[in-house]
Structures are given as C-alpha cells and as structure tokens.
Protein chains: 2
Amino acid sequence: MSSTSPPIVRTVAELRARVGAWRAAGERVGFTPTMGALHEGHLSLVRLAKAKAARAVVSIFVNPTQFAPHEDFAAYPRNEARDAELLASVGCDLIYAPTAAEMYPPGFATTVTVAGVSEPLDGAARPGHFAGVATVVTKLILQCGPDVAVFGEKDYQQLLVIRRLVADLDIPVEILGAPIARASDGVALSSRNAYLTEAERPIAAELHGALAAAVEALRAGRPVAEAEVRAAARLSAAGFARVDYVEVRGAGDLARLGPGPIRPPARVLGAAVLGKTRLIDNLAV
Amino acid sequence: MSSTSPPIVRTVAELRARVGAWRAAGERVGFTPTMGALHEGHLSLVRLAKAKAARAVVSIFVNPTQFAPHEDFAAYPRNEARDAELLASVGCDLIYAPTAAEMYPPGFATTVTVAGVSEPLDGAARPGHFAGVATVVTKLILQCGPDVAVFGEKDYQQLLVIRRLVADLDIPVEILGAPIARASDGVALSSRNAYLTEAERPIAAELHGALAAAVEALRAGRPVAEAEVRAAARLSAAGFARVDYVEVRGAGDLARLGPGPIRPPARVLGAAVLGKTRLIDNLAV
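Residues numbered from 1 in each chain as written. Chains lettered and ligands numbered in written order. Predicted model: local features only at pLDDT ≥ 70, side-chain atom pairs only at ≥ 80, totals over all residues.

Chemist: Provide a residue-level description of the confidence of the model for chain A, including the pertinent values.
Modeler: In this model, chain A carries a mean pLDDT of 96, and residues with pLDDT of at least 70 account for 99%. The ipTM value of the predicted complex is 0.96, and its pTM value is 0.97. (pLDDT = per-residue confidence, 0-100.)

In structure tokens:
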C-alpha cells in the first residue's frame, strides 16, 4: 500500500467517528459502496461523489448474501492493496472494509425486500440476489450516513432497487446514478471481466453490440419483440453459452412494454453467460 | 384541542425541519411511535422519552399494513384531539400524524422482515403482522431521526423484533423498553380494552392473573409445560373464547425452553380472545 493511501477502517464505530467529525465540521459526505476489485468504472463513481461532496468514503465488501451457493463468491477477485492505491489516485478520503462478522454478527435475522422492480431480469435469474443487495446497501448507507451515495448504471436494475428502497424506507440520502464506463471495444467495465479468456474477449463485446443494434432498431420504429429476439439470437450465434435475457423495459420501473414500437423512456437490458463468466449490460433507448 | 397542545405535523419534510432544528441546537430527541387512542401506558413512554432527551416527538399512525384483512383496522379507536391534550400534559413537543398516503405513496414496494424472534407467538397467530410493524417502525425512526425511541413491554415480542432490526440494519438510535402500565385490576393498559364490555372486564383480569400464577409456579420449580397448560386452562375456564398461546420463552430471543424447570431470564407471554377483543400480556419470570 502506498503512503498516500486513504485510511482504512473496519468497524461501524470507526466509520461513524470519522464521518461524524466531517459532518460536525459542516462537510458533505459522498459514499460509494463497492465489492472491491476496482476498475475505472468504480473510480468514475468516486470522482462523481467527490464532485458532489467534500469527502468521499468508499466501502469494499464482497457481500456473501447476494451470491447464490453456486455463484462465484469464493472466486470473486480481491486485492485490497491495489484498490487502496487506485482510490488514493481519485481523492478518496476513507476506505471502509468491514469483515463479514462486523456486517452479519451471530443472530442477524433481518432482510429488506423490494417487490416489483426487483422481480424480473436478474431477479428471476438470480433468486435472492436483490434481497441480499437491498439488505447490505441499507446497512452500508445507515452505517455511513452520507449525504449522497453513488451507484453505477452498469447494474441498472440494482440502481432502481436501491432508489426504491431508499424512497420507501425514508433513508435520508440522495442516490446518484453514474453512466457506464466502457473499454475501447465497448465492453462495460466489470470486475468479472477478469474471468474472460483472450479468446472470449471479442465475443464479450458482442453483448454491447447486440444491445446497441437493438436500440438502433427500436429508434427506427421496429417492434420490441423483434429487437429482443434478434439481440438474443446474435448472442447465441456469437458463442454465449446461455442468454439469461435481452429485454426492453420501462426505464423507471422496468415495467414490461408492449410488443410493438416503444414509448420512451425505455432501457434495453441483457445478461448472458460466456464460458464461466456471466456478463450484464444495458443501454438507454 | 387546547391551546397548550403540541404542534401537529403531517409530512416527513415538516417533521425533519423541526427535529433538524433541535439537533442543530444540540438538543437530544426522544421518539415514541403510537397508534393513538392514548392511555396512561403511552404517557409513561413519553415521560421516559422526556427523561432521556430534551425533546419528545410522538407519532400517531394507525398502520394499515400490520392488520390482517379480518382484523380491527377500521374499528381501531381514533381521537386525535383528545390524544393531543393528553400529550400536552406530559410535555410532548411535537406530534407527527402522517396520512397513509404520506407513509405509503403509490409504487411503495419495500418490506423489512425479521426472521427468528418474529416467528412464534403473535407471529404465528397474526401472519404478516410483524413485517408490517418492522417496516413501519423502520420508516418512522428514519423519518424522525431521534436519539432514542421508546416502546412498551406490553408488546414484548414487538419490542424484541424492533431491537433486532435496529441492530441488524445499523439504524443509529437507542431503543428503550418501558414497563407495562396496569389498571388497578391488573389488566395491562391497551387501546383495545375500550372494546371490552362491563361483564368482560373481570374476565380480562384473569389473563394477568393466569400469567402471574404461571410465574409463581415456575419460581417454585414447577415444569414449564405444566405452567403453560394450567394458565391456558384457567383462561378457557374464565370465559376466553380462544387462547392463542400461553408460553414461557427465553426473555432475549423468545427461544423455546425445555419442558422442565426454567433457567432465567425467561418471559411468560399470553394472547387470548374475549368476545370480540384480542388481549395480550406478558410477565418476566
């Protein structure tokens, strides 16, 4: 870890002491929850937080409760020292990296669930995922007590679930969505891209390509059902082993749209498995 | 309403403006959520809040989501003017009386559930009840942002559910339990006692009597199962139409105890229906 790395705290009490001192001094606090394995996408969120608040806190916690038993919790990349160096480069003021025992002590029994927006798409493909996300994000925000919290649009459905629960539970925080950061080949930046082999990388780029083609077709007045079917077919043809979904949905609530030409604002969202890597992406229509 | 009544606000924005001003002035804030129809039990909670904080906020909201369709939501007693006068008498500084639309606007979709402690007893007798309670209490506390919130031990299981969710979701508030206030005949004060007929009142007192006898038997070393069965039989014999439960449980987590002599701390809890009134009560062993 370089000497310029932000301080790292591992308990709620330490986190609150630091944030409380900033609040007492009249400084606004921005918060970016992450699972570590940081990339330029995360750093863009921290820059946005830093533009909105004097202080930027970043949490690093690979949350076990949002992974299903067969998913990649154990394999999920972890490199705290490198994360700390990257965070230093964007002016992060504090890293909060709790242990699983700090987050879920013995006897833990509470779950936050969001109906509606959490049910289709990744909610259907990953049972229990959004309950895990909703619960840990509620905890992290209430632990930190920021003025503003920033989440990437890469996990678009997650962003809507978080907006919903923050409004519904009256959590006093502003939620900001940040645009997807992409590599030069169009692939949305994701910690899971590290799983891709060299041979898979050009295939991975087809996910963004298929969604972009769907957006173009929809803008040209083609029917929703046609755009969805063509995009899914393109992914299968490109070599994705499984297409979980390609769907065009209402941008605000992920409501299903009619099969005909769309009424904006809409969002096209896709998830597909390439080798051992599950990729997701989405685009505004 | 008398001229000395505390101000009444009906929106989260007004509530936060008032509480925010007190916090900014360095004053501690105590909070007592109620469903109105106030009695001496509620007033004892407000006095306790006032002893712990410079300012006392009381919410009055008959929460529809904690009543099952066949329960007494519509009939539940409401008398805001009288409640305001009573609250003035104990130094309440602010009444928060939101509408159902303020609490649950269109699109509301989030639920807080607590496993374990919410499952037996009233959790089994009233499906969905504690999810409604957990969600509304989470909202009310996050809306108000108090330093301390006070709940009565009359709803003992509810108090444990709230302690659990506040710890689990890291809500920055201290939860205080307050002892049960009783009438001279031993009946625990409850807004629902207003449903009792004159003829039912002495029968109602048997609930406390049966629980007190169970405590005595347990202290004398009698087995748990015997104490439970005898108390339930006494209630049936006294004229209760239905005994939902009389159980001796661990005081901290409501864990089931063995059938033999108890190891304290334990709590004996009972719920039974008399005419059209469902009564609950509990005692420390």
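Chemist: Give a description of helix α1 (residues 12–24) of chain B that names residues and reports values.
Modeler: Taking 1.5 Å of rise per residue, the 13 residues of α1(B) would be expected to cover 18 Å, and the 17 Å separating its terminal C-alpha atoms lies within 8% of that figure. Positive backbone phi, approximately 80°, marks G26(B), located one or two places after α1(B). (Helix = DSSP H or I, 4+ residues; strand = E, 2+ residues; numbered from the N terminus. Expected span 1.5 Å × (residues − 1).)

Chemist: I'd like to hear about the interface of chain B and chain A, residue by residue, with values.
Modeler: Between chain B and chain A, the residue contacts involve 23 residues of the former and 23 residues of the latter. Going through the elements one at a time, β5 (110–114), α6 (129–144) and α7 (156–168) of chain B are the ones with two or more residues in the side of chain B that touches chain A. The element contributing the most residues to the side of chain B that touches chain A is β5(B), with five residues. By residue class, the composition of the side of chain B that touches chain A is twelve nonpolar, seven polar and four charged. Both strand β5 (residues 110–114) of chain A and β5(B) contribute to a ladder of five bridges, which runs antiparallel. Each residue of the ladder has a partner; that of T111(A), found in β5(B), is T113(B). (Contact = placed C-beta atoms within 7 Å. Nonpolar A, V, L, I, M, F, W, Y, C, P; charged D, E, K, R; others polar. Pairing = 2+ DSSP bridges.)

Chemist: Now, about helix α3 (residues 80–89) of chain B: what can you tell me, with residues and values included?
Modeler: Residue and element names in this part refer to chain B. Burial in α3 covers these residues: D83, A84 and L87. The arc that holds every buried residue of α3, seen down its axis, measures 100°, which confines them to one face. Of the exposed residues in α3, those oriented more than 90 degrees away from the buried face are A81 and S89. Looking at the buried positions of α3, the neighbouring elements they touch are β1 (8–9), α2 (40–52), β3 (55–60) and β4 (94–96). (Buried ≥ 20, exposed ≤ 12 C-beta atoms within 10 Å, placed from the backbone. Arc of directions from axis to C-beta.)

Chemist: Explain the domain arrangement of chain A to me, and be specific about the residues and the numbers.
Modeler: Residues and elements named next belong to chain A. By the assigned domains, chain A splits into domain 1 (8–178) and domain 2 (191–284). When each unit is reduced to the centre of its C-alpha atoms, the spacing between domain 1 and domain 2 is 26 Å. Residue composition of the side of domain 1 that touches domain 2, grouped by class: nine nonpolar, three polar and one charged. (Domains from an automatic or database assignment.)

Chemist: For the sheet that holds strand β4 (residues 94–96) of chain A, give the residues involved together with the corresponding values.
Modeler: Residues and elements named next belong to chain A. Overall, parallel pairing links the six strands, which are arranged β1-β4-β3-β2-β6-β7 in an open sheet. Each of the sheet's edge strands pairs with one partner strand only, and the pair in question is β1 (8–9) and β7 (174–178). By the bridge criterion, two bridges tie strand β2 (residues 29–34) to strand β6 (residues 148–152) in an arrangement that is parallel. Counted as the bridge partner of F31 is A149 from β6. Against the sheet, helix α2 (residues 40–52) touches β2, β3 (55–60), β6 and β7, its axis set at about 165° to β2. Along the sheet, helix α6 (residues 129–144) contacts β2, β3, β4 and β6; its crossing angle with β2, the most-contacted strand, is approximately 150°. (Axes fitted to C-alpha atoms, helices over the stretch in contact; angles between N-to-C directions.)

Chemist: Could you give me a rundown of the relation of the copies chain B and chain A, with the residues and numbers involved?
Modeler: For these two chains of identical sequence, chain B goes onto chain A by a turn of 180° and a shift of 0.0 Å along the axis, with RMSD 0.0 Å. What the superposition gives is, in effect, a two-fold axis relating one chain to the other. Identified as the residue of chain B closest to the rotation axis by C-alpha distance is V112(B), at 2.3 Å. A symmetric contact is evident, with 100% of the interface residues of chain B recurring at the interface of chain A. (Least-squares fit on C-alpha atoms with pLDDT ≥ 70 in both.)

Chemist: Give a description of the sheet that holds strand β9 (residues 266–274) of chain B that names residues and reports values.
Modeler: All names here are of chain B. Across the sheet, three strands lie side by side as β8-β9-β10; this open sheet has antiparallel pairing. Each edge of the open sheet carries a strand with a single partner, namely β8 (242–250) and β10 (277–284). Across the sheet, the axes of successive neighbouring strands diverge by a mean angle of 10°, strand direction being ignored. Two elements, β9 and β10, share eight bridges in a ladder whose sense is antiparallel. By the bridge assignment for β10, A272 is matched with L279.

Chemist: Tell me about the packing of helix α8 (residues 201–219) of chain A against helix α9 (residues 224–238) of chain A, residues and numbers included.
Modeler: All names here are of chain A. Where α8 meets α9, the axes come as close as 9 Å, and the angle between the chain directions of the two elements is 160°. With respect to their mutual orientation, α8 and α9 come out roughly antiparallel. Handedness of the crossing formed by α8 with α9: right-handed. Two secondary-structure elements touch here, α8 through I203, E206, L207, A210, L211, A213, A214, A217 and L218 and α9 through V224, A227, A231, R234, L235 and A238. Class assignment for the residues of the contact of α8 with α9 results in 13 nonpolar, no polar and two charged. (Parallel < 35°, antiparallel > 145°, perpendicular 65-115°, else oblique. Left-handed = near helix turned anticlockwise from the far one by under 90°.)

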